[in-house]
Amino acid sequence: MFKDNTSVSTLKTPATNRGGNAGERAELLTAWRLMCEAGSMAAIYEANRQICKYVHSTSRGHEAIQIATGLQLRPWDFVSPYYRDESMLLAIGFTPYELMLQLLAKGEDPFSAGRSYYSHPNNRAAGKPQIPHQSSATGMQVIPTTGMAQGLQYLEQIHSPLLKTGPDGELPVVICSLGDGSVTEGEVSEALQFAVLKQLPVIYLVQDNDWGISATAAEVRTMDAYEYAAGFKGLERMRVDGSDFTASYAAMETAISYVRQERRPILVQANVPLLGHHTSGVRKEWYRSAEDLEKHAANDPVPKMRALLLKHGITPEELDKIEQTAVADIKAAFDKAVQAPEPLPETVQEHVFSPAVVTAESGTRIPAGKTKVVMVDAALHAVEEIMQQYPEAILFGQDVGVRLGGVFREAATLGEKFGPHRVYNTAIQEAYIIGATAGLSAVGVKPIVEVQFADYIYPGFNQLVTEISKSCYLSNGKFPVQTLIRVPVGAYGGGGPYHSGSVESTLLSVKGIKVVYPSNAADMKGLMKAAFLDPNPVVMLEHKGLYWSKVPGTLDAMTIEPAADYLLPLGKGNIIQRAHPKDTAQGNALCIITYGMGVYWAKAAAKAYPGQVTIVDLRTLFPLDEELVFDMVKQHGKCLILTEEQLNNSFAQALAGRIQQTCFRFLDAPVFTVGALDLPAVPLNTGLEAAMLPTPGKVAAAISELLAY
């Protein structure tokens, strides 16, 4: 065990076994070559600023710790490099040419096909560590990377064949690389807390160059990462001079060995100089003094490495030759990358999603001899059947564990049946709950997670937008995130301003996720299973007022429970009731497009207009069944869109615009919309709540006005 007040210079590190003097010499020469390549890359980028027009950072000053880390990673490990980690990528085995293709946003960029910045890698190829997609890595990546370690721990626990190990059974480690400035992000603390709580096999490598863009460390933080880590009881920590290759190698050797064997987390703080610009667009001369630049240059890893090699008996001529070769090789690679083809414009829409698994309704929706169930039980049984069939499925969130089984009892008995390693509580950490699923998915675990109330999803939005929604697209299809995020929504019975929200419009503004919203038990079960099997992120909105059909008029939300094999594909709406063909033909009918609780308001209101109202339940808000919607609008000529959300700038209004654009020639009246009043929140008082929300009476009034056209 480490002592909390030690640094790497006083740690007992395992003896390096690099094949004796010859092995150590070869490794030092490899590190020298990589340093020379990284330096030549930075120089040629600077000399060709007009060509290197996309924003980028280089690793100048960080080379020693990065190369020391990259050389020790193995193909069964996982790593999340950050945007300055080009030297680490070289040490892992990526070629300068491959990196330059991303620098220049070329079509053959192996990471993102020209879609993402330089040194934003991802890798699934064998022979190198796995690198899931991550964002620009200013703290947000720490949660998904910790999720990888969470997933690996689970795969170990169940002895899963999905767990990749070394030839002698060596277990994988996860390395999360980040700059010290990003440690102040709140999401970093969520990740560290969870890593220590669960004792996850992860190394947080913090490269501290004392700058956060133009802000010095003294301006913006009260402590460095090493000191900060002391607040997380059980998180081991180390300090190292990251400009010294020997010290860096020993530190990372110790950290990797510790995590590989002990399966516990550690933070390594590497102090390094910043010798380049923050980025190509934020240049060092704009904000750094000559004295500061001089101070950092004194710790340049390159001359330190050269002096070390000379001490090992390597001649200056040999070192010069390696450096000259690097310059020539980098120039050749750069010239080749400049000539590489640009991405084809027609590829711009590829890989937003991975192809869906469930594309047609299948299984038995109405088994014989069964009784009706409430929606919450249909959901519970769906999750239970999923977990029985898929050992890689886990469920976590606030209060879903064995004691309570969810505040709505939506996870009741699951903790008892599947154990605390598969069903467990988390702290109040919506960012972690949502963001960890990206890392879990990357290692092969299939998470189902719950945000307790829709009103509390917003702390998780950073992860949903920045990490999860973009992963498939920016990895060029390599890393779709398979996750099912359950979110209870909606108002009824005085839930008040923080337990009654509707969030579909906010969610639907995010591209790269799917959103489903069932209105009855059968749809709930079929959609739940299809959402779980979908290789993409799916948010399932579940109306609390429909869970038990306690709201008057919602008994039809109870249905016969479908069989275990039932699947309902996402993106298929359903006609709940049809207007009489005669009324439709004569223009005396309309269609209501709705979902969730709106289905029941529509059904209640339609009773006053027998034969004149067709009701379409969307069931999935994205992908949307546009074919069904447009067909119904064209048949009826009159359309009302009904939502529980506040109406202004909502999904309902956006859909009305699409309908009017597509179906204008078929419309006999404007597209009407009915929704909640445009208030900041749902008031607690039940009378005020009713005044805010749609009601059958409000819907009936809109029907009457629309039919009068």
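Here the structure is a predicted model, which is why all the values come from computation and not from measurement.

Procedures and definitions
- Residues numbered from 1 in each chain as written.
- Predicted model: local features only at pLDDT ≥ 70, side-chain atom pairs only at ≥ 80, totals over all residues.
- Heavy atoms only, no water.
- Salt bridge = Lys/Arg side-chain N within 4 Å of Asp/Glu carboxyl O.
- Helix = DSSP H or I, 4+ residues; strand = E, 2+ residues; numbered from the N terminus.
- Buried < 20%, exposed > 50% of the residue type's maximum accessible area, 1.4 Å probe, protein only.
- 1 Å grid on protein atoms, 1.4 Å probe; cavity = no way out; pocket = protein on both sides within 12 Å on 5 of 7 lines; lining within 4 Å.
- Points joined across faces, edges and corners; volume = space filled by probe spheres on them.
- Nonpolar A, V, L, I, M, F, W, Y, C, P; charged D, E, K, R; others polar.

Let's talk about the pattern of salt bridges
Thinking step 1. Scanning all chains against the criterion turns up 28 salt bridges.
Thinking step 2. For Glu37, the salt bridge identified is with Arg33, shortest N-O distance 3.1 Å. Here Arg33 and Glu37 lie together in helix α1 (residues 20–47), a separation of four residues that amounts to about one turn.
Thinking step 3. For Glu37, a relative accessible area of 10% translates into the label buried.
Thinking step 4. On the basis of relative accessible area, Arg33 is assigned to the partly exposed category, the value being 35%.
Thinking step 5. Taken together, the shared-partner salt bridges connect Asp180, Asp208, Asp210 and Arg221 into one network.

Here we look at helix α4 (residues 96–103)
Thinking step 1. Buried residues dominate α4, accounting for seven of its eight residues.
Thinking step 2. All of the buried residues along α4 are Pro96, Tyr97, Leu99, Met100, Leu101, Gln102 and Leu103.
Thinking step 3. Phi for Ala105, located one or two positions after α4, is positive at around 55°.

Looking at the environment of Ala26
Thinking step 1. Tracing the backbone shows Ala26 in helix α1.
Thinking step 2. The class for Ala26 is partly exposed, based on a relative accessible area of 41%.
Thinking step 3. Along the chain, Ala26 and Val348 lie 322 residues apart, while their C-alpha atoms are 44 Å from each other.

Quick look at unusual backbone geometry
Thinking step 1. Backbone torsion omega between Phe622 and Pro623 reads 0°, so that peptide bond is classified as cis.
Thinking step 2. Looking at the element boundaries, Pro623 is found in the loop between β19 (620–622) and α22 (626–636).
Thinking step 3. At Asp399, a residue that is not glycine, the phi angle is positive and equals roughly 65°.
Thinking step 4. Tracing the backbone through its elements, the reader meets Asp399 in the loop between β9 (393–397) and α14 (414–418).
Thinking step 5. Residues other than glycine seldom take positive phi values, yet Arg409 does so here, at roughly 60°.
Thinking step 6. With respect to the helices and strands, Arg409 occurs in the loop between β9 and α14.
Thinking step 7. Using a relative accessible area of 43% as the deciding quantity, one classes Arg409 as partly exposed.

Examining empty space enclosed by the protein
Thinking step 1. Applying the stated rule across the entire model yields two cavities of 30 Å³ or more.
Thinking step 2. Of the pockets and cavities examined, the largest cavity occupies roughly 110 Å³.
Thinking step 3. Looking at the largest cavity, it is lined by 18 residues, and the ones nearest its centre are Pro132, His133, Ala438, Gly439 and Ala442.
Thinking step 4. Secondary-structure elements contributing two or more residues to the lining of the largest cavity are α5 (142–157), α15 (430–443) and α16 (461–474).
Thinking step 5. The element contributing the most residues to the lining of the largest cavity is α15, with four residues.
Thinking step 6. Residue lining of the second largest cavity: Val142, Leu178, Val183, Val188, Leu192, Tyr204, Val206 and Leu267, and that is the complete set.
Thinking step 7. Of all elements in the fold, only α6 (186–198) and β3 (202–208) reach the threshold of two or more residues within the lining of the second largest cavity.
Thinking step 8. For the lining of the second largest cavity, the residue count by class is eight nonpolar, no polar and no charged.

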